[in-house]
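# Remarks on the overall topology
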Amino acid sequence: ISDRSLTKPFCRMLGFLKQPVVVTAEINMNLVALTVMGLVNRFWALSYPRAVVFDEVYYGQFVSLYMKRIFFVDDSGPPFGHMLLAFGGRYSMNVPIWSLRLLPALSGALCVPLAYQILVELHFSHCAAFGAALLILFENSLITQSRLMLLESVLIFFILLAILSYLKFYNLQKCSPFTAGWWFWLLLTGVACSCAVGVKYMGLFTYMLLLATAGVHFWHLIGDQTLSNVSVFCHLLARGLTLVVVPVAMYLSFFYVHLTLLYRSGPHDQIMTSAFQASLEGGLARITQGQPLEVAYGSQITLRNVLGKPVPCWLHSHKNTYPIRYENGRGSSHQQQVTCYPFKDVNNWWIVKDPGMQQLVVSNPPRPVRHGHIVQLVHGITTRYLNTHDVAAPLSPHSQEISCYIDYNISMPAQNLWRVEIVNRESDTDVWKTILSEVRFVHVNTSAVLKLSGASLPEWGYRQLEIIGEKLSKGYHQSMLWNVEEHRYGKSQEQKEREVELHSPTQADISKNLSFMARFTELQWKILTLKNEDTEHKYSSSPLDWITMDTNIAYWFHPISGAQIHLIGNILTWASANVATLVYVCLFLWYLLRRRRKICDIPEDAWRLWVSAGGLCVGGWAVNYFPFFMMEKTLFLYHYLPALTFQILLIPVVLQHLTDHLCRSQLPKNMFSALIVAWFSSIYLVYRTFSPLTYGEPILSAAELRALRWKDSWDILIRKH
């Protein structure tokens, strides 16, 4: 073999080196410019003011609790948004304010290029897309909300990301389904939807809109005769996996991480059940750790009402008796009072007694109490038996009075037998368990159920909560349910020794850890049902106030300089958005009516574009706005911002449609374009006019502040010298 024959293949292998390796990339300078402008617009002087602004006080507390791993409950929504904010303060307890505001500001900045891309994916011109981005860029209310440690800008970012991802997926669906890009955008749609819902429950509105849109598109896909049945089924499976299974799994993962991080007892423990509290480190777990699991005859227990409203409380009694006559003239039994007391107290202890035996101690081996067993409940300190009879309750005359029986030697015998019913039992032979079992006590003689009425007793009852006997009814309301929180096996038969025993801590060795799903279910229910006591706020408003921006929120006011920050929008943008919505609806109905008469005013492609863009923008506005009319919670102007964002996207859609299809000749088009330029200039001018209230600087004089009160309903703060 010659040397030349060996070198020829080697030379061919190195032949590609004769030409340089060239990598080309397309850069959309519109996107780059918009992103830079968004970052500058949102990040400028981000650390100002160096003070806690409005709801930053709550989110700051939540971040602090995350740092300390202390459990908390926030009724405003799921924990994902709080975890994102806490991520900015993970390195140090002395976190600079700008780092906590970084994520909302970044989210707000990225909403600008997202708006541009959404219009492009809807097949509108780059000019219209650029206009939509500029409207988001110069919207004062969106700027204000994104420059503070608040979650609305993060929510809007994930909403827009979900919309963009679905549009990109849908456009790929037409040409290259089941490719890597197709899967990526479909999966990102589901991920963004779950993140939006995980930040605030308002994200659920857009998620439902996208599910409905995907359902309509899939319905059209079913009618495609070029697809086989297997292909259609694969499309259904892919959408179900990415748009339903993945979001649900991610939503659960948010709570899993939340509960894993917050493992220590904290200030919100009391609203959770005893089982949940016992699963946290410290707090109740410190008290209940190692308690006996099974309640037996002779057990010493405290009984906590499961409802926990109006406040968590425990079955309680004391030596005081009911008044012989109440203020309204009705008589009572004059027996010993039984109440629900919202604090830990030795008078919360009761002894479970076997009616057939006299002993008040646990036998060896212990005899567990099971579902359906008859017991007597003996008050630990006064040794009187829990009793009810045909006497009206003090504040609930249609229910029976609950008392501890005192023998006055009159014709009112004791009626102190109670049947234990374990509501969450797995079988009819279940044992009554500490913390885990939810039980109700049914009076044997009258079938009345031991229940918390929730009413506060007068002074003679020390303002404690009323306990009543309600006639047996179908269903299990939580006010009728009780669980054993603290528990010990009684050992002392003598009363004095027993009182010492009741004051001492419990001891034994059994774990009460709840599963993740049990804790998730309880926490989710608390978030959905928990209501703040503050039902009114100075800056609360109704949905009718939002659409015309008849309200604002004064976020921050400097007491010396008079500098202030307000949640107040670009009023020209808000008015234009309302006009665009009205124009779209009128034109849509007009086109629809004309098409019913077989008259097509615009081409079929333009009609489909008009319907799809309107369904997304008007539909997004509607689903994020109208549900608030049915809500009883305290509402603020910032709740309208997601709906407003969809309305803003509609403005360039309507403008381009008017230019393309209603301006028939070049002259009207030129005149209309000139009006659009003047209108955009006015929007920028309004943005600049109100920027001192958006950024908090420069400081304005009293006269300048009065000039900014364009509506009498706006609360612009003016210092009095």
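Just so you know, these numbers come straight off a predicted model, no measurement behind them.

Definitions and limits used
Residues numbered from 1 in each chain as written. Predicted model: local features only at pLDDT ≥ 70, side-chain atom pairs only at ≥ 80, totals over all residues. Heavy atoms only, no water. Helix = DSSP H or I, 4+ residues; strand = E, 2+ residues; numbered from the N terminus. Rg over C-alpha atoms; globule rule 2.2 N^0.38 Å. Contact = heavy atoms within 4.5 Å. Areas by Shrake-Rupley, 256 points an atom, 1.4 Å probe, with all protein chains shown as cover. Buried < 20%, exposed > 50% of the residue type's maximum accessible area, 1.4 Å probe, protein only. Polar contact = N/O pair within 3.5 Å; in protein donor to acceptor, adjacent residues only side chain to side chain. Pairing = 2+ DSSP bridges. Expected span 1.5 Å × (residues − 1). Bend = angle between axes of the 7 residues up to and from the residue. UniProt positions renumbered as here; feature names shortened; annotations may be inferred. Core = buried A, V, L, I, M, F, W, Y, C linked by side-chain atoms within 4.5 Å. Axes fitted to C-alpha atoms, helices over the stretch in contact; angles between N-to-C directions. Parallel < 35°, antiparallel > 145°, perpendicular 65-115°, else oblique. Left-handed = near helix turned anticlockwise from the far one by under 90°. Nonpolar A, V, L, I, M, F, W, Y, C, P; charged D, E, K, R; others polar. Salt bridge = Lys/Arg side-chain N within 4 Å of Asp/Glu carboxyl O. Disulfide = S-S within 2.5 Å. Phe/Tyr/Trp six-rings, centres within 6.5 Å; stacked < 30°, edge-to-face > 60°. Lys NZ or Arg CZ within 6 Å of the ring centre and 35° of its normal.

## Concerning the overall build of the protein
Tallying secondary structure elements over the protein gives 21 helices and 14 strands in all. Radius of gyration (C-alpha) of the protein: 34 Å, far over the 27 Å computed for a compact globule of 721 residues. If one aligns the C-alpha atoms of the protein with their principal axes, the spans along those axes are about 105 × 95 × 65 Å. For the protein, contacts bridging at least 24 residues in sequence account for 74% of all contacts bridging at least 6. A total accessible area of about 34,100 Å² is found for the protein, and carbon and sulfur atoms account for 62% of it.

## Quick word on the environment of Ser299
Mapping Ser299 onto the fold places it in strand S1 (residues 299-305). Assessed through its relative accessible area of 0%, Ser299 is described here as buried. When the C-alpha positions of Ser299 and Pro368 are compared, they lie 9.3 Å apart, and in sequence the two are 69 residues distant. Those residues in contact with Ser299 that lie beyond four places of it in its chain are Glu294, Trp350, Ile351, Val352, Val362, His487, Arg488, Tyr489 and Gly490. Here His487 takes part through its side chain, which lies 2.8 Å from a polar atom of the side chain of Ser299.

## Details of the pairing of strand S5 (residues 374-379)
Most of S5 is tucked away: 5 of the 6 residues are buried. Bridge count between strand S4 (residues 349-353) and S5: 4 bridges; the pairing is antiparallel. Among the inter-strand pairings, Val352 is bridged to a residue of S5, identified as Leu377. Here S5 runs beside strand S8 (residues 418-422); their pairing, made up of 2 bridges, is antiparallel. Each residue of the ladder has a partner; that of Val375, found in S8, is Trp418.

## Points about helix H5 (residues 97-121)
Here H5 is 25 residues long and its end C-alpha atoms lie 37 Å apart, about the 36 Å a rise of 1.5 Å per residue gives. Along its length, H5 reaches its greatest deviation from straightness, about 35°, at Leu103, and the proline Pro104 lies no more than four positions downstream. His123 sits one or two residues past H5 and shows a positive phi near 75°.

## Things to note about the UniProt feature "domain: MIR" (unreviewed entry) in the protein
As annotated by UniProt and renumbered to match this structure, "domain: MIR" (unreviewed entry) occupies residues 292-355, 366-423 and 427-487. For the annotated span residues 292-355, helix accounts for 0% and strand for 41% of the residues, and the straight-line distance between the end C-alpha atoms is 22 Å.

## Quick look at the nonpolar core
Membership of the largest hydrophobic core comes to 144 residues, with the highest contact counts inside it found for Phe71, Ile118, Phe158, Ile553 and Tyr555. For this core, the element with the highest residue contribution is helix H8 (residues 152-173), accounting for 14 residues. Ignoring sequence-local partners within four residues, the contact set of Tyr555 consists of Val53, Phe54, Thr144, Gln145, Leu148, Leu150, Ile565, His566, Leu567 and Tyr638. Within the second largest apolar cluster, 32 residues are counted, among which are Ile402, Trp418, Val439 and Phe441.

## Comments concerning the packing of H8 against helix H19 (residues 641-662)
It is the contact of H8 with H19, at a shortest axis distance of 10 Å, that shows an interaxial angle of 45°. Relative to H19, the element H8 lies oblique. When you trace H8 past H19, the crossing you get is right-handed. Here Leu155, Ile156, Ile159, Leu160 and Ile163 of H8 lie close against H19, whose contacting residues are Leu641, Pro642, Thr645, Phe646 and Leu649. Taken together, the residues that form the contact of H8 with H19 break down as 9 nonpolar, 1 polar and no charged.

## Focus on the environment of Lys451
By the element assignment, Lys451 lies in strand S10 (residues 448-456). Along the chain, Lys451 and Asn305 lie 146 residues apart, while their C-alpha atoms are 8.5 Å from each other. If we ignore the near neighbours within four places in the chain, the residues touching Lys451 are Glu466, Ile467, Ile468, Glu470, Ser479, Met480 and Trp482. Here Glu470 takes part through its side chain, which lies 3.0 Å from a polar atom of the side chain of Lys451.

## With respect to the pattern of salt bridges
A complete count under the given rule lists 19 salt bridges for this structure. Put simply, Glu121 and Lys168 hold a salt bridge, and the shortest N to O gap is 3.0 Å. On the criterion of sequence distance, the pair formed by Glu121 in helix H5 and Lys168 in helix H8 is long-range, its members being 47 residues apart. On the accessibility criterion, Lys168 (18% relative accessible area) is buried. Arg595 is the partner of Glu604 in a salt bridge, and the nearest nitrogen-oxygen pair spans 2.9 Å.

## Concerning unusual backbone geometry
Omega for the peptide link from Tyr48 to Pro49 comes to 0°, which places this bond in the cis form. The residue Pro49 is located in the loop between helix H2 (29-43) and helix H3 (56-68) in this model. The linkage connecting Lys309 with the following residue, Pro310, adopts the cis geometry, with an omega of 5°. Tracing the backbone shows Pro310 in the loop between S1 and strand S2 (314-321). Of note, Phe178 is a non-glycine position whose phi angle comes to about 65°, a positive value.

## Some thoughts on helix H6 (residues 126-137)
When the terminal C-alpha atoms of H6 are compared, their 16 Å separation across 12 residues agrees well with the 16 Å that a helix rising 1.5 Å per residue should span. H6 sits mainly inside the fold: 9 of its 12 residues count as buried. Within H6, burial applies to Ala128, Ala129, Gly131, Ala132, Ala133, Leu134, Leu135, Ile136 and Leu137. Residues of H6 that are buried make contact with H2, H5, helix H7 (140-146), helix H17 (571-596), H19 and helix H20 (666-695).

## Some remarks on the packing of H8 against helix H9 (residues 180-199)
In contact at an axis separation of 8 Å, H8 and H9 are set at 160° when each is read in the N-to-C sense. Classified by the interaxial angle, the pair formed by H8 and H9 is roughly antiparallel. In the packing of H8 onto H9, the handedness of the crossing is left-handed. For the pair H8 and H9, contact is made by Val154, Leu155, Phe158, Ile159, Leu161, Ala162, Ser165, Tyr166, Lys168, Phe169, Leu172 and Gln173 and by Gly181, Trp182, Trp185, Leu186, Leu188, Thr189, Ala192, Cys193, Cys195, Ala196 and Val199, respectively. Of the residues contributing to the contact of H8 with H9, the split by class is 18 nonpolar, 4 polar and 1 charged.

## A look at the state of the cysteines
Inspection of the entire model under this criterion finds 1 disulfide. Through a disulfide, Cys313 is tied to Cys340; the S-S separation comes to 2.2 Å. With the S-S dihedral at roughly 90°, the linkage between Cys313 and Cys340 falls on the right-handed side. Taken together, the residues Cys313 in the loop between S1 and S2 and Cys340 in strand S3 (residues 336-341) connect sequence positions 27 residues apart. Comparing Cys313 with Cys340, the two get one shared label, buried.

## Considering the packing of aromatic side chains
Scanning the entire structure with this criterion turns up 50 aromatic pairs. Measuring from centroid to centroid gives 5.3 Å for Trp546 and Phe628, while their planes differ by 75°, and the two rings are edge-to-face. Pair noted here: Trp546 is in helix H16 (residues 543-547) and Phe628 is in the loop between helix H18 (604-623) and H19, with a separation of 82 residues, a long-range link. Residue classification places Trp546 among the buried positions, given a relative accessible area of 0%. Ring pairs connect the aromatic residues Phe205, Trp546, Trp574, Trp621, Tyr625, Phe626, Phe628, Phe629 and Tyr640, which therefore count as one cluster. A cation sits over an aromatic face here: Arg488 above Trp349, 4.3 Å from the ring centre.

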